[in-house]
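A look at the structure
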Amino acid sequence: MGDHTIALNRRARHEFTIEETVEAGLVLTGTEIKSVRARKVSLAEAYARIERDEAWLVGMHIAPWESTDVRFNHEPKRTRKLLLHREEIDQLLGKTKSKGLTLVPLRLYIDDRGRAKVELGLARGKQQHDRRREIAERDARRDVERALAEAGRR
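Treat the numbers as computed from the prediction; the structure is a model and nothing was measured.

Details of the overall build of the protein chain
A tally of regular secondary structure across the protein chain gives 4 helices and 9 strands. Going residue by residue from the N terminus, the α and β elements of the protein chain occur as β-α-β-α-β-β-β-β-β-α-β-β-α. Taking 154 residues into account, the globule formula puts the C-alpha radius of gyration at 15 Å, and the protein chain, at 19 Å, lies well above it. Considering only C-alpha atoms, the protein chain reaches an extent of 65 × 40 × 30 Å along its principal axes. Counting over 154 residues, the protein chain shows a buried share of 36%. Summed over its atoms, the accessible surface of the protein chain is roughly 9,700 Å², and 49% of this surface lies on carbon and sulfur atoms.

What to know about the pairing of strand E8 (residues 102-110)
For a regular strand, side chains alternate in direction, first toward one face of the sheet and then toward the other. Burial runs high along E8: 8 of the 9 residues are buried. Pairing of strand E1 (residues 4-8) with E8 involves 4 bridges; the strand directions are antiparallel. If you follow Ala7 over to E8, its bridge partner there is Leu108. As consecutive antiparallel partners, E8 and strand E9 (residues 116-125) are separated by 5 residues, and within that stretch Gly114 has a phi angle of approximately 80°, a positive value.

Here we look at the pattern of salt bridges
Throughout the structure, instances matching the rule amount to 14 salt bridges. We note a salt bridge from Arg78 to Glu32, for which the minimum N-O separation is 2.7 Å. Separated by 46 residues along the polypeptide, Arg78 in the loop between strand E6 (61-62) and strand E7 (80-83) and Glu32 in helix H2 (residues 30-37) bring together distant segments of the chain. By relative accessible area, Arg78 is classed as partly exposed at 27%. Ionic contacts of the salt-bridge type, sharing partners, join the residues Glu32, Arg78 and Arg80 into one network.

Some points on the pairing of strand E4 (residues 47-51)
Here E4 shows a buried face lined by Ala48 and Ile50 and an unburied face lined by Tyr47, Arg49 and Glu51. Two strands pair when backbone bridges link them, and E4 and strand E5 (residues 54-58) are joined in this way by 5 bridges, in the antiparallel orientation. Looking at the pairing, Ala48 lines up with Leu57 of E5. Connecting E4 to the antiparallel partner E5 that follows it, the hairpin turn spans 2 residues, and Arg52 within it adopts a positive phi of roughly 50°.

Remarks on the side chain of Arg80
The topology assignment puts Arg80 in strand E7. For Arg80, a relative accessible area of 0% gives the class buried. Polar side-chain contacts of Arg80 include one of 2.8 Å to the side chain of Glu32. A polar contact of 3.0 Å, which involves the side chain of Arg80, links it to the backbone oxygen of Arg78. Leave out the neighbours within four places in its chain, and Arg80 touches Leu26, Val27, Leu28, Glu32, Ala55, Trp56, Leu57, Met60, Ile62, His74 and Glu75.

Some points on the packing of aromatic side chains
For the structure shown, the criterion picks out 0 aromatic pairs. Cation over ring: Arg107 sits above Tyr109, and NZ or CZ is 4.1 Å from the ring centre.

Considerations on the nonpolar core
In this structure, Leu26, Val36, Val41, Leu57, Met60, Leu82 and Leu108 are the most contacted members of the largest nonpolar core, which totals 29 residues. For this core, the secondary-structure elements that each account for two or more residues are E1, strand E2 (16-26), H2, E4, E5, helix H3 (86-99), E8 and E9. Sort the elements by how many residues they give to this core and E9 lands first, with 4 residues. Formed by 6 residues, the second largest nonpolar core is a distinct cluster that contains Ala12, Phe16, Val104 and Leu106.

Cut-offs used in this document
Residues numbered from 1 in each chain as written. Predicted model: local features only at pLDDT ≥ 70, side-chain atom pairs only at ≥ 80, totals over all residues. Heavy atoms only, no water. Helix = DSSP H or I, 4+ residues; strand = E, 2+ residues; numbered from the N terminus. Rg over C-alpha atoms; globule rule 2.2 N^0.38 Å. Buried < 20%, exposed > 50% of the residue type's maximum accessible area, 1.4 Å probe, protein only. Areas by Shrake-Rupley, 256 points an atom, 1.4 Å probe, with all protein chains shown as cover. Pairing = 2+ DSSP bridges. Salt bridge = Lys/Arg side-chain N within 4 Å of Asp/Glu carboxyl O. Polar contact = N/O pair within 3.5 Å; in protein donor to acceptor, adjacent residues only side chain to side chain. Contact = heavy atoms within 4.5 Å. Phe/Tyr/Trp six-rings, centres within 6.5 Å; stacked < 30°, edge-to-face > 60°. Lys NZ or Arg CZ within 6 Å of the ring centre and 35° of its normal. Core = buried A, V, L, I, M, F, W, Y, C linked by side-chain atoms within 4.5 Å.

See below:
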């Protein structure tokens, strides 16, 4: 069956160069998992950080679940704990510290067992000139494809 993508962070691949990815579980409350399954999630401003040997996802927005009493509902932007093995946390901490990389959530999905997972990317911020070059390359490719298509139609 495979996994079921709930939310993508489209900006991440635009603003960062992703060096490697890692899967992490996510500790969610009942109303949060309901909202996640209903796809009421945004990763746009989210990032992960490691603090006191634990990994946390900060700034992910999960909309409150409508049919629940306000007292039992969750805080949409609360910091949520990420589930990773100790070695993974140590490696991520080492890489973010030594290479100045950022941990960015790339997508949120539900795995085969119905668990919420986050795909994290070890990311390096793209400089302005990298972005410009990328756009120029994309435009050049488009022009070439257009010219080939034109030639094919004649």
